[in-house]
Amino acid sequence: MLLTHDMPATRTIDPAFRRDILAGLARSPKATPPIWFYDRRGSELFEDITDLPEYYPTRTETALLAGHGDDFAAAIGSGRAVVEFGAGSARKTPHLLRAIDPAAYVPIDISGDFLRASSAELASAFPGLPVLPLVGDFTGTLALPDAIDGLPRLGFFPGSTIGNSEPDTAVDLLRAMRRLLGDEAMLLIGMDRIKDRDRLIAAYDDEAGVTAAFNRNLLVRINRELEGDLPVDAFAHRAIWNDEKARIEMHLEATEPLHFHVAGQCFHMKMGETIHTESSHKYGARDERLLLRAGGWEPTAEWMDPDGLFALVLAKA
Ligand code: AVI
């Protein structure tokens, strides 16, 4: 049963996109928030990334979700409203829903088109389950649908998306989830672990160039939506491991001196200068627990693959 909620059929120019991109390009060093990767094409490219041989997180997390259904049923129980943050294609979600028999499912994503398609698919796979998609940026203020009033909630935040926030912002985000979900809530969250540098870099700079296309698609989107004339082919994709900050950084590097316009404003870049487009923080076991506690969640269980690549953590409010 798919019940759409406040879902526009066509995309309008987002003033927040304009504001973030102009501010990010004016900064030194240049840096743009990763949420703007996910227009329709960006969401499709991200789905392609999740199938890449080098990109271990999705495969590993999906196997954890598929393999621990009985554990989730025992630890979480049934009858909750599952609220998925940054749902995307929600391909992993059926494993969880099958295990815990929820009372409703609320997928939240910034990409409306994509969310509409994946929600329809999920609703037909779970007839009788109210599916209530919400379009929006879950890092901002969002109200949950009235239909789940009174139900205990399970926040589901898979994919290690928490790693795309700076640690202080990640804490704010966890607190916002805690507030949104209420006192009876639980949270099931995917966290990517610190591991071998070469493996990390390969996951963000794949042989087939899909991650490079995902990174450059931000420029294509800026050109289309903000009347830009960025020379997309003059930017090289870079993935760098920042050991001090325990994060992979993605950059777009100018391969020649550049001069371009966005929304009527002029920008220059020196050869070798970069736009920092994403950080993907990786967490050790202790840091992961510290982060959750700082965000108002008490970790109660954890499941990890045998190679220790990726962890699924269950926490309670
Ligand atoms: C969505 N997020 C968890 C991905 C990550 O691994 O940080 C985004 C991504 N960027 C490049 N590859 C995947």
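### With respect to the side chain of Ser279
Consideration 1: The topology assignment puts Ser279 in strand β11 (residues 274-281).
Consideration 2: By relative accessible area, Ser279 is classed as buried at 6%.
Consideration 3: Polar contacts involving the side chain of Ser279 include one to the side chain of Arg247, which spans 3.4 Å.
Consideration 4: A polar atom in the side chain of Ser279 sits 2.9 Å from the side chain of His276.
Consideration 5: With residues near it in sequence (within four places) discarded, Ser279 still touches Gly163, Asn164, Glu166, Arg247, Ile248 and Glu249.

### Looking at the site of the ligand
Consideration 1: Near the ligand, the surroundings consist of 14 residues, among which Tyr55, Asn164, Tyr204, Glu278 and Ser280 are the closest.
Consideration 2: In this structure, an oxygen atom belonging to the ligand sits 2.5 Å away from a side-chain N or O atom of Tyr55.
Consideration 3: Here Tyr204 contributes a side-chain N or O atom positioned 2.5 Å from an oxygen atom of the ligand.
Consideration 4: Coverage of the ligand by the protein chains reaches 98% of its 340 Å² of free accessible surface.
Consideration 5: In terms of residue class, the shell around the ligand is built from seven nonpolar, six polar and one charged.

### Details of the pattern of salt bridges
Consideration 1: Applying the stated rule across the entire model yields 20 salt bridges.
Consideration 2: Salt-bridge contacts for Arg193 lead to Glu288; the nearest nitrogen and oxygen are separated by 3.0 Å. Of this pair, Arg193 sits in the loop between β6 (186-192) and α8 (197-204) while Glu288 sits in helix α10 (residues 285-294); the two residues are 95 residues apart in sequence, bridging distant segments of the chain.
Consideration 3: Since its relative accessible area comes to 8%, Arg193 is described here as buried.
Consideration 4: Among the ionic pairs, Arg293 bridges to Glu298, the shortest N-O distance being 3.1 Å.

### A closer look at the sheet that holds strand β7 (residues 235-242)
Two modes of strand pairing occur in sheets, parallel and antiparallel, and in both the strands are linked by backbone hydrogen bonds.
Consideration 1: Taken in spatial order, the four strands line up as β1-β11-β8-β7 in an open sheet, and their pairing is mixed. Of all the strands in the sheet, just β1 (30-31) and β7 have a single pairing partner and so form its edges.
Consideration 2: When β7 meets strand β8 (residues 247-254), the two strands line up antiparallel, connected through eight bridges. From the neighbouring strand, Ile240 faces β8, where its bridge partner is Glu249.

### Let's talk about the sheet that holds strand β5 (residues 153-157)
Consideration 1: Across the sheet, seven strands lie side by side as β4-β3-β2-β5-β6-β13-β12; this open sheet has mixed pairing. Among the strands making up the open sheet, the edge pair consists of β4 (134-135) and β12 (298-304).
Consideration 2: Pairing of β6 with strand β13 (residues 310-316) involves seven bridges; the strand directions are antiparallel. For Ile189, the partnering residue across the bridge sits in β13 and is Val313.

### Section: the pairing of β11
Consideration 1: Among the eight residues that make up β11, eight are buried, leaving the element largely enclosed by the rest of the structure.
Consideration 2: Sheet analysis places β1 next to β11, joined by two bridges and oriented parallel. Residue Ala31 lies in a different strand from β11, and its bridge partner there is His276.
Consideration 3: As paired strands, β8 and β11 are joined by seven bridges and run antiparallel to one another. When the bridges of β11 are listed, His251 appears paired with His276.

Rules used throughout
Residues numbered from 1 in each chain as written. Predicted model: local features only at pLDDT ≥ 70, side-chain atom pairs only at ≥ 80, totals over all residues. Heavy atoms only, no water. Helix = DSSP H or I, 4+ residues; strand = E, 2+ residues; numbered from the N terminus. Buried < 20%, exposed > 50% of the residue type's maximum accessible area, 1.4 Å probe, protein only. Polar contact = N/O pair within 3.5 Å; in protein donor to acceptor, adjacent residues only side chain to side chain. Contact = heavy atoms within 4.5 Å. Near = heavy atom within 4 Å. Areas by Shrake-Rupley, 256 points an atom, 1.4 Å probe, with all protein chains shown as cover. Nonpolar A, V, L, I, M, F, W, Y, C, P; charged D, E, K, R; others polar. Salt bridge = Lys/Arg side-chain N within 4 Å of Asp/Glu carboxyl O. Pairing = 2+ DSSP bridges.

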